[in-house]
Amino acid sequence: MNTTAEQDSAARLDDLESRIAHQDATIDKLNEVVCAQWATIDRLTQLMERLEQRVQHLDEREGAAPPIETPPHY
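Report on the accompanying structure.

### A look at the overall build of the chain
- Counting its secondary structure elements, the chain contains one helix and zero strands.
- For the chain, the C-alpha radius of gyration of 30 Å lies well beyond 11 Å, the compact-globule estimate for 74 residues.
- Put simply, the chain has 74 residues, and 0% of those count as buried.
- Element-wise, carbon and sulfur atoms account for 57% of the exposed surface of the chain, whose accessible area totals about 7,400 Å².
- Between the averaged position of the 7 positive side-chain charges in the chain and that of its 15 negative side-chain charges there is a distance of 6 Å.

### Some details on the pattern of salt bridges
- On inspection of all chains with the given rule, the structure shows one salt bridge.
- Residue arginine 19 pairs with aspartate 15 through a salt bridge whose shortest N-O separation is 3.4 Å. Remark: aspartate 15 and arginine 19 occur in helix 1 (residues 2-62); sequence separation between them is four residues, near one turn of the helix.

### As for helix 1
- With 61 residues, helix 1 ought to run about 90 Å at 1.5 Å a step, and its terminal C-alpha atoms sit 89 Å apart, in line with that.
- Two residues or fewer past helix 1, glycine 63 is found with a positive phi of approximately 85 degrees.

### Some words on the environment of asparagine 2
- Mapped onto the secondary structure, asparagine 2 falls in helix 1.
- Measuring from C-alpha to C-alpha, the distance between asparagine 2 and glutamate 62 comes to 89 Å, with 60 residues separating the pair along the chain.

Reading guide: rules and limits
Residues numbered from 1 in each chain as written. Predicted model: local features only at pLDDT ≥ 70, side-chain atom pairs only at ≥ 80, totals over all residues. Heavy atoms only, no water. Helix = DSSP H or I, 4+ residues; strand = E, 2+ residues; numbered from the N terminus. Rg over C-alpha atoms; globule rule 2.2 N^0.38 Å. Buried < 20%, exposed > 50% of the residue type's maximum accessible area, 1.4 Å probe, protein only. Areas by Shrake-Rupley, 256 points an atom, 1.4 Å probe, with all protein chains shown as cover. Lys, Arg positive; Asp, Glu negative; His and termini not counted. Charge placed at Lys NZ, Arg CZ, Asp CG, Glu CD. Salt bridge = Lys/Arg side-chain N within 4 Å of Asp/Glu carboxyl O. Expected span 1.5 Å × (residues − 1).

As far as function goes, none of this settles anything; it's purely spatial.
This is the structure:
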């Protein structure tokens, strides 16, 4: 009877080890995705800052844009 309990415990331990290994692999994959997303966010943030500077520079060169007026039929 002790052998059955030992076999059951060993099977449960094997199942837990398998789950942990799968979870570790999933965590590693998720970490890679998060790192890639942060790199993309950093790149896009730098691009946006450069574009904002270009727009500001163009506004300063050309003067302020005329206000948009509502057409008289509105």
